[in-house]
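One-letter residues, chain by chain:
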Amino acid sequence: MAYTTFNRQINDQMKEPMFFGNPVNVSRYDQQKYGIFEKLIEKQLSFFWRPEEVDVSKDRIDYQNLPEHEKHIFISNLKYQTLLDSVQGRSPNVAFLPIVSLPELETWIETWAFSETIHSRSYTHIVRNISAEPHKVFDDIMLNERILERADDVTRYYDALIDGINLYQRCGEGTHTINGQSHSISLYELKRRLYLCVMSVNVLEAIRFYVSFACSFAFAERELMEGNAKIIRLIARDEALHLTGTQHMLNIMAAGDDDPDMAKIAKECEEEAYAIFRKAAEQEKDWAEYLFKDGSMIGLNKDILCQYVEYITNSRMQAIGMKAIFSTTQNPIPWINTWLVSDNVQVAPQEAEISSYLVGQIDNEVDGGDFGDFDL
Amino acid sequence: MLSITIHGGVTINVDGNQRCILDTLEQHKLQVNYHCREGYCGACRCKLLSGNISYTNEPLAFVRAGEFLPCCSVSLSDIIIEIP
């Protein structure tokens, strides 16, 4: 029950559930219950990038020439994204690693959280460049009411899960008196907290980032803040992969083959899951209103952004088998998709800045057919 | 020539010059949501009502029964699909 970093019990990893089985002992990938997580790890590693690789020096001039209300839009989004990635850079590790039971999933969680730390570092890279006083930007995050309001909903489910795990791993199931206060925990309740936590993370990756993404790309459509947009593109590519990761977890849980309790919990929590989606969409719409309080930007205003929030909320819900809750069926800003394309599809890496171009990647396979049209 | 029928809508022909079903749909000016275009985000999910498709690379996104990703697949027969 207590967490151990090297579980001495000999177990069959193929029979463990994703969470709350035996702690992982040997990090082995020769046998995998869910091979998808290793594929996600490989994909994430092929995406590796560093903020310093992206030149943001032109953004400084662009930023200085922006009207005040557009400066507000730009910098507020950066602050909010900084908060989101601060949470995502640490919480999956703290919450999920003590309870995970499959090596491939354990490594996926670590890989996932690591890539979020790159995002955090990239915000500092951007802010350092556009502002002579970066500390003012970061200091404001902890004082900005609009950001703190939403921080509560982003972190609540993580904190409830982490708190429950601490109690369970120290004292086990039951009611315990600690420092004169009574606390109860059951494994079933912990699983419920886990399900809601993964659901809330799914919503975070699926919806919360996208209002900021839309604004960054709207600036870049006008050839402004393009260095920033390049970085946001790389972040969006990572987030799409993380989202796929949480969607797989949720779908495996709901199917029940992995852990029958989780399927039961998924049904019991259905209403709460809808509420999490609805609240996130409402909060993002409020955020759009705050962003545009002093004026819109070319190509984007509050109404369009709100429609986009509704549109992606619907599509994310359908991806995990839920019903759409908004009537919007059309993407009001179809141009955003071209910014979200993974650039792997380009054919000549040396002619373009391709973020996934791996140095030293050589195709060594040659067969007779390759010399078919050779004449000597 | 294989055809793609949009449920309750038009039927289009697959001319074989497109990389995937998504490209064919776009060639005929049909709007499908997309992001990554290589099977890991799942944004282009459509329903496959009849016919067979084959993946040019196996999608990483979760695809439930009855759905498919047009961005990394080609059709093997006439197909009827539903675009959400």
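Since the structure is predicted, the reported quantities are computational estimates derived from the model, not experimental observations.

Residues and elements named next belong to chain A. Their axes nearest at 9 Å, the elements helix H7 (residues 187-208) and helix H9 (residues 226-255) cross at an angle of 150°. Relative to H9, the element H7 is oriented roughly antiparallel. Viewed along their axes, H7 and H9 form a crossing whose handedness is left-handed. Residues Leu194, Tyr195, Val198, Met199, Val201, Asn202, Glu205 and Ala206 of H7 lie in contact with H9, whose contacting residues are Glu239, His242, Leu243, Thr246, Gln247, Met249, Leu250 and Met253. For the contact of H7 with H9, a count of residues per class yields ten nonpolar, four polar and two charged.

Residue and element names in this part refer to chain A. The tally for this structure, following the rule as stated, stands at 15 aromatic pairs over all chains. Judged by centre distance (6.4 Å) and plane angle (90°), the rings of tyrosine 34 and phenylalanine 37 are edge-to-face. Like phenylalanine 37, tyrosine 34 is buried. Pairing tryptophan 287 with tyrosine 290 gives two aromatic rings, centres 5.2 Å apart and planes at 40°, and the pair type is tilted. One end of the pair is tryptophan 287 and the other is tyrosine 290, both in helix H11 (residues 270-291) and three residues apart, which spans about a single turn.

As a further point, take the interface of chain B and chain A. Across the contact, 15 residues belong to chain B and 31 residues belong to chain A. Here chain B and chain A share an interface that buries about 1,900 Å² over both sides, 51% of which is from carbon and sulfur atoms. When residues of chain B are sorted by the area they lose upon contact with chain A, B:His35, B:Tyr40 and B:Leu60 head the list and together hold 37% of the total. The interface formed by chain B and chain A contains one salt bridge. A salt bridge links B:Glu38 to A:Lys43; the nearest nitrogen and oxygen atoms lie 2.5 Å apart. Run the count over chain B and chain A and you get ten residue pairs in polar contact (both at pLDDT 80 or more). When grouped by side-chain class, the residues that make up the side of chain B that touches chain A number seven nonpolar, three polar and five charged.

Now for the environment of A:Lys39. Residues and elements named next belong to chain A. Within the fold, lysine 39 resides in helix H1 (residues 36-46). A residue is classified by how much of its surface remains accessible, and lysine 39, at 45% relative accessible area, is partly exposed. Lysine 39 sits 69 residues away from tryptophan 108 along the chain, and the two C-alpha atoms are 9.2 Å apart.

To continue, consider the sheet that holds strand E1 (residues 3-6) of chain B. All names here are of chain B. Strand order across the open sheet formed by five strands is E2-E1-E7-E3-E5, with mixed pairing between neighbours. Only two strands of the sheet have a single neighbouring strand rather than two, namely strand E2 (11-13) and strand E5 (67-68). Direction of pairing for strand E3 (residues 46-50) relative to E5: antiparallel, over a ladder of two bridges. What sits directly across from cysteine 46, in E5, is phenylalanine 68.

In summary, the side chains of a regular strand alternate between the two faces of the sheet. In this structure, E3(B) lies alongside strand E7 (residues 79-82) of chain B, joined through three bridges in antiparallel fashion. Residue pairing in the sheet places B:Leu48 in a bridge with B:Ile81 of E7(B).

Across chain A, the average pLDDT comes to 91, with 94% of residues at 70 or higher. Every residue in residues 344-356 of chain A is under pLDDT 50, and counting partners more than four places away or in other chains gives 19 contacts.

Together, A:Met142, A:Leu143 and A:Leu148 make up an exposed nonpolar region whose accessible area comes to about 330 Å². Mapped onto the elements, A:Met142 comes out in the loop between helix H5 (134-141) and helix H6 (145-171).

Below, the discussion takes up the nonpolar core. One finds A:Met18, A:Phe19, A:Phe37, A:Phe96, A:Leu105 and A:Leu194 to be the most contacted residues of the largest nonpolar core, which totals 124 residues. Looking at this core, the element that brings in the most residues is H9(A), giving 13 residues. In this structure, A:Phe96 is in contact with A:Phe19, A:Ser91, A:Ile109, A:Trp112, A:Tyr158, A:Leu161, A:Leu194, A:Cys197 and A:Val198, ignoring residues within four places of it in sequence. Listed in part, the 22 residues of the second largest apolar core include A:Val341, B:Ile6, B:Cys72 and B:Ile79.

Once that is clear, we can look at empty space enclosed by the protein. All names here are of chain A. Across all of its chains, the model carries six cavities of 30 Å³ or more by this definition. Size it by volume and the largest cavity reaches roughly 70 Å³. Lining the largest cavity, in full, are Gln44, Leu45, Phe47, Phe48, Trp49, Thr111, Phe114, Ser115, Ile118 and Asp238. Of all the elements in the fold, those that place two or more residues in the lining of the largest cavity are H1 and helix H4 (103-130). Among the elements that line the lining of the largest cavity, the one with the most residues is H4, at four residues. Of the residues contributing to the lining of the largest cavity, the split by class is six nonpolar, three polar and one charged.

Here is what the cut-offs are and how they apply
- Residues numbered from 1 in each chain as written.
- Chains lettered and ligands numbered in written order.
- Predicted model: local features only at pLDDT ≥ 70, side-chain atom pairs only at ≥ 80, totals over all residues.
- Heavy atoms only, no water.
- Axes fitted to C-alpha atoms, helices over the stretch in contact; angles between N-to-C directions.
- Helix = DSSP H or I, 4+ residues; strand = E, 2+ residues; numbered from the N terminus.
- Parallel < 35°, antiparallel > 145°, perpendicular 65-115°, else oblique.
- Left-handed = near helix turned anticlockwise from the far one by under 90°.
- Contact = heavy atoms within 4.5 Å.
- Nonpolar A, V, L, I, M, F, W, Y, C, P; charged D, E, K, R; others polar.
- Phe/Tyr/Trp six-rings, centres within 6.5 Å; stacked < 30°, edge-to-face > 60°.
- Buried < 20%, exposed > 50% of the residue type's maximum accessible area, 1.4 Å probe, protein only.
- Buried area = accessible area lost by both parts, 1.4 Å probe.
- Salt bridge = Lys/Arg side-chain N within 4 Å of Asp/Glu carboxyl O.
- Polar contact = N/O pair within 3.5 Å; in protein donor to acceptor, adjacent residues only side chain to side chain.
- Pairing = 2+ DSSP bridges.
- pLDDT = per-residue confidence, 0-100.
- Patch = residues over 30% accessible without salt bridge, like charges linked within 9 Å, V, L, I, M, F, W, Y side chains within 5 Å.
- Areas by Shrake-Rupley, 256 points an atom, 1.4 Å probe, with all protein chains shown as cover.
- Core = buried A, V, L, I, M, F, W, Y, C linked by side-chain atoms within 4.5 Å.
- 1 Å grid on protein atoms, 1.4 Å probe; cavity = no way out; pocket = protein on both sides within 12 Å on 5 of 7 lines; lining within 4 Å.
- Points joined across faces, edges and corners; volume = space filled by probe spheres on them.

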